[in-house]
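Listed here are the chains, written in short residue letters.
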Amino acid sequence: MASKRRLSRSGDKESLTEDTSKARKQPLSKKTKESYVHNEVEENASVFVKLLKTSGITLKTGESQNQLAVDQIVFQKKLFQTLRKHPSYPKIIEEFVSGLESYIEDRDSFRNCLLSCERVQDEESSMGTSYCKSLIKLLLGIDILQPAIIKTLFEKLPEFLFEKVNSDGINMPRLIINQLKWLDRVVDSKDLTTKIMQLISIAPLDLQHDFVTSLPEILGDSQNAEVGKELIDLLTENTLLTVPILDVLSSLQLDPKLLTKVRQLVMSKLSSVTLDDLPVIVKFILHSITIVDAFEVIAELREELDLQHCILPSLFQASQSKLKTKGQTSSSGIQENSDKDCVTLLFDVIKSAVRYERVIPEAWIKAIESTASASEHKTFDLAVLLIIYSTNAQTKKYVERVLRSKIRSGCFQEQLLQGTFCVHYLVLKDVCPSILSLAQTLLHSSHQSIILFGSLLYKYAFKFFDTYCQQEVIGALVTHICSGNEAEVDIALDVLLELVVLNPSAMRLNAVFVKGILDYLDNMLPQQIRKLFYTLSILAFSKQHEANNHIQDDLHLVIRKQLSSTIFKYKLIGIIGAVTMAGIMATDRSRFFSLTPGRGDLSDEQCTQVTSLLQLVHSCSKQSPQASAVYYDEFANLIQEEKLAPKALEWVGQTIFHEFQDAFVVDSCVVPEGDCPFPVKALYGLEDYSSDGIAVNLLPLLFSQDFAKDGGSPTSQASDQKLVSPLCLAPYFRLLRLCVERQHDGNLEEIDGLLDCPIFLTDLEPGERLQSMSIKERSFMCSLIFLTLNWFREVVNAFCRQTLPEVKAKVLTRLKNIVELQQILEKHLAVTPDYVPPLANFDLEGLEVTPPTNTAVSSKIRMQGKIGGRKRKADGSKMPSPDAPSKEDNSECDPAPSDRSQVEKELKGKEGKTSVSLQNYNAYFRELDIEVFSILHCGLVAKFILDAEMHTELII
């Protein structure tokens, strides 16, 4: 039977094709009507016209609508009874249809029969709806006429298949097919199905699309199986009709096996379909999934969905930016919007599926989870996970678990995340709150890679989303910063700083939220404070936007308040903030904007602002040696990063050069006199300074400082007099040499005298007198050696990069001096167990300094001392620390580090084998730069220089 139907269909198809070709050659109408009087009643003696008029319809000529004088149901009933009771029934049916065929040979008449009739209202007519069906539609509602009318329509339709739409805008084939929709009853649905499928096979593509989508509205449920088989055959033959066919199949009641067959067929062609067709195809696949085959179908769908279908949004993103700058044609913009809509529709289909079908999100997550290789993951995977996370609340924990696993294994990295936002930003923008919630959850993790991934979610959400989402991102980051959790604060500040650099204009719109963090400075570490002030300073002092005075005013207010505090913790906050802000104000902009030297320099007004701020810091910290040292190290770090403009650098260089010389450098031939119990000598000089030269005035300064502590507070001096402390020697020299190095392109000839000049010390080698010294004198000697070592360390850091052989030789000599002094220091520390060295590192980047505990005791006692030291730190020590801005530190500036733990007091005086390790004192030594180790490569050259010119012993 199937073969017979196929042969019959072929024959009918040929006849339809022949009719179509004839229709192209023949005129529209077989009979020639010279003229019609428009808007006149059709006067015709045919049975067709008479019976219609008798039943209540008057045919009109031209463009006028046919008039219906009675209700539609009344008309159909009258015409049906007239035909059935006619003496020549059923022959009268043929005569009636023949009259219809003759009448519709004229295009205008045929069009009027396809358009709705005009209802003529009179007193006797019912007051029902004013809408009337067309004449053809009314005739199709009469069972005895329906088969013949359908046959006539399908014979007439090929005449218009390849005809262009006229000026009236009426598409005749669509109008004819519309007559068949929503009929109350189809007399011969099988015959109608055959005719429609034949018509679809010969129609143009655009009409094929319309005819296929009209099938559910024309055919009854009894024909679903037959139509489904026919459409599957058509789908195999013509892939261009994939979308309308799948759309129809989704609305038909089909056998599950048949649906599986269609799904497999569609899946095999998925990689070759266009982006426009993808949403409908994916929708059909997802709706045909069952619990049994969900994982297999989703896994195959994920593989077949080629990335090229979803990467198009990034292309029109670039195109849109070009449109703004170059003004491209509107046709390209239309295409871009079409692609954007298709991608949005695709994800809408996925959202709908994962929201209402629980099996789909679980299968999709499982398919992604089972993908082991990082190279096999696509941006589409990550986008779908974010969509599922935002849409299906029941699978949130599952998504989080998979994300954490993929991040830890390295499958999900920054490149994949960036690509996901770049390609799918339009879709992800709608789920921004869920993305921020996920980022917040990931930031609470203990795994560093997961925390970093969460921070990247914030970064790319701010970069690709709109203003509202950007504000939400900033609000979330501020919440993290104010939470007090150190890890969260660090990563949130890093993201905030990166966003300021990435998009400063967008960040300025949210500056009011960032400023609120200034109220939480008490709970932040120094490096966190530095990042915050750096971020706010960029927002406040950008050269391109000078209308941010409110941020500048708030920063100045906070800094002045902190600097004026007598609490050391708050003063340090002010110093860090002021130096950081000065660095942004005095930035050398030629480095960032490719300007010639000098073009990016500061104006006189800007230079005045910078110098005034630095002078304020200087004056507020000069009475505190520790605060001054912090200021010098902070400022040195700023210069080391090469951020200062030349004009600001010139002012700094002149100022610190003279101040350093006045504070620490004296004539070597004039030995200071005073009450110092130790004889003052000029030691460690590398040149002959007997008649003329300079020396570092270390011992007298240290003695004066200790005397000031014993005799009274340093603040008893005149308020305008700067307190010169040897604690500032090494930090100040580092600041000086970095400034000179920057000004002279690395040449330190201007200060090379400090490399070989002597230091005013005393005999440091312990002898018989060591045992007779008091505890205070021993502590004084230890401090003197520590300060000397730190001076030599900074000298080595400064001159290790110089290329002259004699300079390298002197640097090697200073290294030898360091080794010798460390050996001497061990001897002094062995008899001074309670000694706490002076602080050496003031950049506040290191860990908290724990004072070494009782190193000159036996091994057993030493272990007990370490335990006691840790306990003391936990209980809250009053000992100074580089990270001074801690919650417990509310002491005045420069508190005396004199308290010791009870364990140390108990251990005091106990005998044991002397054992001192300087590793316990690393925090009290200035750090050596990595470049220092390069000086060891020139050992042979240094040996030659030393033997030939300096006549000292060999040092290799």
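Residues take numbers from 1 onward in each chain, read along the sequence in its written order. Two thresholds apply to this predicted model, a pLDDT of at least 70 for residue-level local features and 80 or more for giving and counting side-chain atom pairs, whereas whole-chain, interface and lining totals are computed over all residues. Neither water nor hydrogens contribute to the side-chain values; these are computed over all heavy atoms in the structure.

Student: Is there a simple way to think about the overall build of the protein in this case?
Tutor: Under the scheme used here, helices are H or I runs from DSSP no shorter than 4 residues and strands are E runs no shorter than 2 residues, and both carry numbers assigned from the N terminus. Scanning the protein from N- to C-terminus turns up 43 helices and 7 strands. When burial is assessed residue by residue, the protein has 51% of its 956 residues classed as buried. In this description, contact between two residues means that some pair of their heavy atoms is separated by no more than 4.5 Å. A separation of at least 24 residues holds for 75% of the contacts in the protein among residues at least 6 apart in sequence. When the accessible surface of the protein is summed, it comes to about 45700 Å², and 51% of that surface belongs to carbon and sulfur atoms. Only protein chains enter the accessibility calculation, which uses a 1.4 Å probe. A residue is then buried if its area is under 20% of the maximum for its type, exposed if over 50%, and partly exposed in between. Computed with a 1.4 Å probe, the accessible areas rest on the Shrake-Rupley method; for each residue, only the protein chains presented here act as cover.

Student: What exactly am I supposed to notice about the state of the cysteines here?
Tutor: Structurally, a disulfide amounts to a covalent bond that connects the sulfur atoms of two cysteines. Cysteine sulfur atoms are paired as a disulfide whenever they fall within 2.5 Å. According to the stated counting rule, one finds 0 disulfides in the structure shown. Residue Cys 469 stays outside any disulfide, its sulfur separated by 3.3 Å from that of Cys 432, the closest cysteine. Residue Cys 469 is classed as buried on the basis of its relative accessible area of 4%.

Student: How do you make sense of the packing of helix H21 (residues 396-409) against helix H23 (residues 432-443) when you look at a structure like this?
Tutor: Each packed pair of helices is defined by two parameters, the angle between the axes and the distance between the axes. Convention adopted: a line fitted to C-alpha atoms gives each axis, helices being fitted over their contacting stretch, and angles between N-to-C directions are expressed from 0 to 180 degrees. Interhelical geometry of H21 versus H23 gives an angle of 60° and a closest axis separation of 12 Å. The angle between the axes of H21 and H23 places the two elements in the oblique class. In the packing of H21 onto H23, the handedness of the crossing is right-handed. On H23, the residues that touch Glu 400, Leu 403, Arg 404 and Ile 407 of H21 are Leu 438, Thr 441 and Leu 442. The nonpolar class holds Ala, Val, Leu, Ile, Met, Phe, Trp, Tyr, Cys and Pro. Asp, Glu, Lys and Arg form the charged class, and all remaining residues, Gly among them, are polar. Classifying every residue of the contact of H21 with H23 gives 4 nonpolar, 1 polar and 2 charged. The labels follow the angle: roughly parallel below 35 degrees, roughly antiparallel above 145, roughly perpendicular from 65 to 115, and oblique for the rest. Take the far helix as your reference; a near helix turned counterclockwise from it by less than a right angle gives a left-handed crossing, and one turned clockwise gives a right-handed crossing.

Student: Explain the side chain of Ser 621 here, please?
Tutor: For Ser 621, the location among the structural elements is in helix H32 (residues 604-621). Leaving out residues up to four positions away in the same chain, Ser 621 has contacts with Ile 575, Ala 627, Ser 628 and Tyr 631.

Student: Would you explain helix H4 (residues 91-103) in this entry?
Tutor: The end-to-end C-alpha distance of H4 is 19 Å, a good match for the 18 Å that 13 residues give at a rise of 1.5 Å each. Among the residues of H4, those classed as buried are Ile 92, Ile 93, Phe 96, Val 97, Gly 99, Leu 100 and Tyr 103. Each buried residue of H4 sits inside an arc of 155° when the element is viewed along its axis, so together they form one side. Summarising the geometry of H4, the exposed residues directed more than 90 degrees from the buried face are Lys 91 and Glu 94. Packing partners of the buried residues in H4 comprise helix H2 (47-55), helix H3 (72-84), helix H5 (107-114), helix H6 (135-140) and helix H7 (146-156). One fewer than the residue count of a helix, multiplied by 1.5 Å, yields its expected span. As used here, the arc belongs to the directions running from the helix axis to the C-beta atoms.

Student: What's the story with a nonpolar patch on the surface in this structure? I'm lost.
Tutor: Together, Ile 930, Phe 933 and Leu 936 make up a nonpolar patch on the protein surface, roughly 350 Å² of accessible area in all. One can find Phe 933 in the loop between helix H42 (902-907) and helix H43 (939-950). By definition, no residue in a patch forms a salt bridge, and every one has over 30% relative accessible area; like charges are joined within 9 Å, nonpolar side chains (Val, Leu, Ile, Met, Phe, Trp, Tyr) within 5 Å. Salt bridges, as used here, are contacts in which a Lys or Arg side-chain nitrogen is within 4 Å of a carboxyl oxygen on Asp or Glu.

Student: In this structure, what is going on with the pattern of salt bridges? I would like to understand it.
Tutor: Side-chain pairs of opposite charge can arise whenever the charged atoms involved come near each other. Applying the stated criterion across every chain yields a total of 29 salt bridges. The salt bridge involving Arg 358 is made with Glu 362; its shortest N-O contact spans 3.1 Å. For Arg 530, the salt bridge identified is with Glu 634, shortest N-O distance 2.4 Å. In this pair, Arg 530 is assigned in helix H29 (residues 526-540) and Glu 634 in helix H33 (residues 625-640), connecting sequence segments 104 residues apart. For the pair formed by Arg 530 and Glu 634, the shared burial category is buried. Here the salt bridges do not stand alone but share partners, grouping Arg 737, Glu 741, Arg 801, Asp 929 and Glu 931 into one network.

Student: Please clarify how the sheet that holds strand S3 (residues 118-119) should be interpreted in this entry.
Tutor: Pairing between strands is defined by DSSP: at least two bridges between them are needed. If you walk across this open sheet you meet the 3 strands as S1-S2-S3, and the pairing is mixed. A single partner strand is all that each edge strand has here, and the edge strands are strand S1 (57-58) and S3.

Student: Honestly, the packing of aromatic side chains in this entry has me stumped. Any pointers?
Tutor: Any aromatic ring pair is given by two values, namely how distant the centres are and how the planes are angled relative to each other. Only centres within 6.5 Å qualify two rings of Phe, Tyr or Trp (six-membered ring in Trp) as a pair; their planes then separate them into stacked at under 30 degrees, edge-to-face at over 60, and tilted for everything else. The full count for this structure, using the stated rule, is 23 aromatic pairs. Arranged with centres 6.2 Å apart and planes meeting at 45°, the rings of Phe 660 and Phe 733 form a pair that is tilted. Of the two residues, Phe 660 sits in helix H34 (residues 646-664) while Phe 733 sits in helix H36 (residues 729-743), which places them 73 residues apart along the sequence. Relative accessible area serves as the criterion here: at 3%, Phe 660 is assigned to the buried category. The exposure class of Phe 733 is buried, given its relative accessible area of 0%. A network of ring pairs unites the aromatic residues Tyr 631, Tyr 632, Phe 635, Phe 660, Phe 664, Tyr 732, Phe 733 and Trp 791 as a single cluster. Here, a charge over a ring means that NZ of Lys or CZ of Arg falls within 6 Å of the ring centre while also lying within 35 degrees of the ring normal. For Lys 156, the ring lying beneath its charged end belongs to Phe 110, and the centroid distance is 5.8 Å.

Student: Got a minute to help me understand the side chain of Arg 302 in this structure?
Tutor: Locating Arg 302 in the fold gives a position in helix H16 (residues 294-304). Note on Arg 302: relative accessible area 2%, which makes it buried. Here a polar contact means two N or O atoms within 3.5 Å. Within protein one must be a hydrogen donor candidate and the other an acceptor candidate, and residues neighboring in sequence count only if both atoms are side-chain atoms. At 3.4 Å, the side chain of Arg 302 forms a polar contact with the side chain of Thr 371. When sequence neighbours within four positions are dropped, the list of residues in contact with Arg 302 reads Ile 368, Thr 371, Glu 376, His 377, Lys 378 and Asp 381.

Student: Quick question: what am I supposed to make of the confidence of the model for the protein here?
Tutor: The predicted coordinates of low-pLDDT regions are not to be read in fine detail. Confidence scores here are pLDDT values: one per residue, from the predictor, ranging 0 to 100. Considering every residue of the protein, the mean pLDDT works out to 80; 78% of them sit at 70 or more. Of the regions scoring below 50 in pLDDT, residues 591-599 engages in 9 contacts with residues more than four places distant in sequence or in other chains. Contacts from residues 941-956, a stretch scored under 50 in pLDDT, to residues over four places away or in other chains number 22 contacts.

Student: Where do I start with H5 in this structure?
Tutor: Owing to its 3.6 residues per turn, the α-helix aligns residues three or four sequence positions apart on the same side. Where burial is concerned, most of H5 is hidden: 7 out of the 8 residues are buried. On its buried side, H5 packs onto H4, H6, H7 and helix H8 (172-178). Residue Asp 106 occupies the N-cap position of H5, its side-chain oxygen lying 3.2 Å from the main-chain nitrogen of Asp 108.

Student: Explain unusual backbone geometry here, please?
Tutor: What is expected of a backbone is that most residues other than glycine have negative phi and most peptide bonds are trans. For the bond from Tyr 89 to Pro 90, the omega torsion is 10°, close enough to zero to count as cis. With respect to the helices and strands, Pro 90 occurs in the loop between H3 and H4. Despite not being glycine, Trp 182 has its phi angle at roughly 55°, a positive value. Here Trp 182 lies in the loop between H8 and helix H9 (189-202). Positive phi is not limited to glycine here, since Tyr 684 has a value of about 65°. Its place among the elements puts Tyr 684 in the loop between strand S5 (681-683) and strand S6 (694-696).

Student: How should the packing of H23 against helix H25 (residues 467-481) be read in this particular structure?
Tutor: Here H23 crosses H25 at 20°, and the two axes come no closer than 10 Å. If you check the angle between H23 and H25, you find them roughly parallel. Crossing of H23 against H25: the hand is right-handed. Contacts between H23 and H25 involve Cys 432, Leu 436, Gln 440 and Leu 443 from the first element and Cys 469, Glu 472, Val 473 and His 480 from the second.

Student: Looking at this structure, I do not really get the environment of Val 473. What am I missing?
Tutor: Secondary-structure assignment places Val 473 in helix H25. Residue class for Val 473 comes out buried when judged on its relative accessible area of 0%. Spatially, the C-alpha atoms of Val 473 and Phe 462 are 6.3 Å apart, while their sequence positions differ by 11 residues. With residues up to four places along the chain from it excluded, the contact list for Val 473 reads Leu 436, Tyr 458, Ala 461, Phe 462 and Leu 499.

Student: Looking at this structure, I do not really get the environment of Asp 108. What am I missing?
Tutor: Positionally, Asp 108 belongs in helix H5. A C-alpha to C-alpha distance of 6.8 Å links Asp 108 and Glu 63, two positions 45 residues apart in sequence.

Student: I tried to follow the environment of Phe 780 on my own but got confused; where do I start?
Tutor: With respect to the secondary-structure elements, Phe 780 resides in helix H39 (residues 775-799). Taking the relative accessible area as the measure of exposure, Phe 780 reaches 6% and is therefore buried. Considering only alpha carbons, one finds Phe 780 and Tyr 835, 55 residues apart in sequence, at a separation of 9.5 Å. Excluding its chain neighbours within four sequence positions, the residues that come into contact with Phe 780 are Phe 678, Leu 699, Leu 702, Phe 703 and Asp 706.

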